[in-house]
Amino acid sequence: MHIEPGIVHGAKMALAYGTAAAAAGYSLKMIADDLKTHAVPSFVARAALAVVAVLVFFEILPHFPVGVSEVHLILGTTLLLLLGTGPAAVGLAGGLAIQGMFFAPTDLPMYFVNVTTLLVPLFAIHAIARKVLPQGVAYVDLGYGDVLKLSVAYQGGIVAWVAFWAFYGQGVGAETFASVATFGVAYMTVVLIEPIADLAVLWVAKSLRGLEKSGLVTRRLYNAA
């Protein structure tokens, strides 16, 4: 999902600064909401776990350039289901920043573009989880159809933002359209993998009930809303 340097540039970057600032503001709201039901040490631990996980997703799991961007296996729904939206937001933003500073400095100029692309779909699936998923069911008891809804929404959101940035930065031309289409088709194959990964992680969590009181997972993992 990395938008390459040069796709958006010059005065057009002002929009990226604005969207990233809005995402940061909403992240603060998610963090405040999390702290209403979790202790500060729990939040810090979950946020740290999220940062480490995101670095693994970016640097260790397979990733390859396709079309206008790169295809990564970013398990955004997994982060949300296990750790909560606030820690997941910190993990995505922090992991992306660390990657740029230490592993891919050429990506840093596009940080605000890419962090928007990661965070806004996360907030979308947060809303979907509250409105669409069964509220009387703990996350560990969700079915394939439930996590598929979240995965399609998250990955679809990323594709939509990548397409927006590409057309916004480069204009609506045949070459850009073909590049975006190629990326979109490749990236949505992640939807075939992510729900299975989510269910596998939830199954492990369900068998490790001791995690419920550890502070290392979100309260919602083992409890109804």
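Keep in mind that this is a model prediction, so the values were computed, not measured.

(A) Representation of the pattern of salt bridges in the model. Here the structure, examined in full by the defined rule, presents 4 salt bridges. For Lys29, the salt bridge identified is with Asp33, shortest N-O distance 2.9 Å. Placement of the pair is Lys29 and Asp33 together in helix α1 (residues 13–35), with a separation of 4 residues, close to one helical turn. Take Lys29: its relative accessible area is 40%, and that puts it in the partly exposed class.

(B) Up close: α1. Given a rise of 1.5 Å per residue, 23 residues ought to cover 33 Å, and the 33 Å separating the end C-alpha atoms of α1 matches this to within 8%. Tucked inside the fold, the buried residues of α1 contact α2 (40–59), α3 (76–83), α4 (85–103), α5 (111–131) and α6 (144–170).

(C) Looking closely at the packing of α2 against α4. At a minimum axis distance of 7 Å, the contact between α2 and α4 shows a crossing angle of 50 degrees. When the interaxial angle is binned, α2 and α4 end up oblique. The two elements α2 and α4 meet at a crossing, and its hand is right-handed. Only Gly86, Pro87, Ala88, Val90, Gly91, Leu92, Gly94, Gly95, Leu96, Ile98, Gln99 and Phe103 of α4 make contact with α2, whose side of the interface consists of Phe43, Arg46, Ala47, Ala50, Val51, Val54, Leu55, Phe58 and Glu59.

(D) Region of interest: the packing of aromatic side chains. Summed over all chains, the structure comprises 9 aromatic pairs. Ring geometry for Phe164 and Tyr168: centres 5.6 Å apart, planes at 10 degrees, overall stacked. Of this pair, Phe164 and Tyr168 both sit in helix α6, 4 residues apart, roughly one helical turn. On the basis of relative accessible area, Phe164 is assigned to the partly exposed category, the value being 34%. Lys12 extends its terminal NZ or CZ atom over the ring of Tyr168, reaching a point 5.5 Å from the ring centre.

(E) Region of the structure containing a nonpolar patch on the surface. Judged by side-chain polarity, Met101, Phe102, Phe103 and Leu108 come together as a nonpolar surface patch covering roughly 450 Å² of accessible area. Counting through the fold element by element, Met101 comes out in helix α4. With a relative accessible area of 49%, Met101 lands in the partly exposed category.

Here is what the cut-offs are and how they apply
- Starting from 1, residues in each chain are numbered consecutively following that chain's sequence as written.
- pLDDT decides what is reported in this predicted model: residues at 70 or higher carry local features, side-chain atom pairs at 80 or more are listed and counted, and totals for whole chains, interfaces and linings draw on all residues regardless.
- Hydrogens are left out, water is left out, and the side-chain values use all remaining heavy atoms of the structure.
- Here a salt bridge means any side-chain nitrogen of Lys or Arg lying within 4 Å of a carboxyl oxygen belonging to Asp or Glu.
- A run of H or I in DSSP becomes a helix once it reaches four residues, and a run of E becomes a strand once it reaches two; helices and strands are each numbered from the N terminus.
- Each residue's exposure class comes from its accessible area (1.4 Å probe, protein chains only) as a fraction of the maximum for that residue type: buried when under 20%, exposed when over 50%, partly exposed otherwise.
- Working rule for helices: expected span equals 1.5 Å times residues minus one.
- Whether two residues touch is decided by their heavy atoms; if any such pair falls within 4.5 Å, the residues are in contact.
- The angle between two axes is taken between their N-to-C directions and runs from 0 to 180 degrees, where each axis is a line fitted to C-alpha atoms and a helix contributes only its stretch in contact.
- Here roughly perpendicular refers to angles of 65 to 115 degrees, roughly parallel to angles under 35, roughly antiparallel to angles over 145, and oblique to all remaining angles.
- Should the near helix be turned anticlockwise from the far one by less than a right angle, the crossing is left-handed, and should it be turned clockwise, the crossing is right-handed.
- Whether two aromatic rings pair depends on their centres lying within 6.5 Å, for rings of Phe, Tyr and Trp, where Trp uses its six-membered ring; planes under 30 degrees apart make the pair stacked, over 60 edge-to-face, and the rest tilted.
- Charge-over-ring placement is defined geometrically: NZ (Lys) or CZ (Arg) within 6 Å of the ring centre, and within 35 degrees of the ring normal.
- Like-charged residues within 9 Å of one another, or nonpolar side chains (Val, Leu, Ile, Met, Phe, Trp, Tyr) within 5 Å, are grouped into patches, provided each residue has over 30% relative accessible area and no salt bridge.
- All accessible areas in this document rest on Shrake-Rupley with a 1.4 Å probe, and a residue is counted as covered only by the protein chains that are shown.

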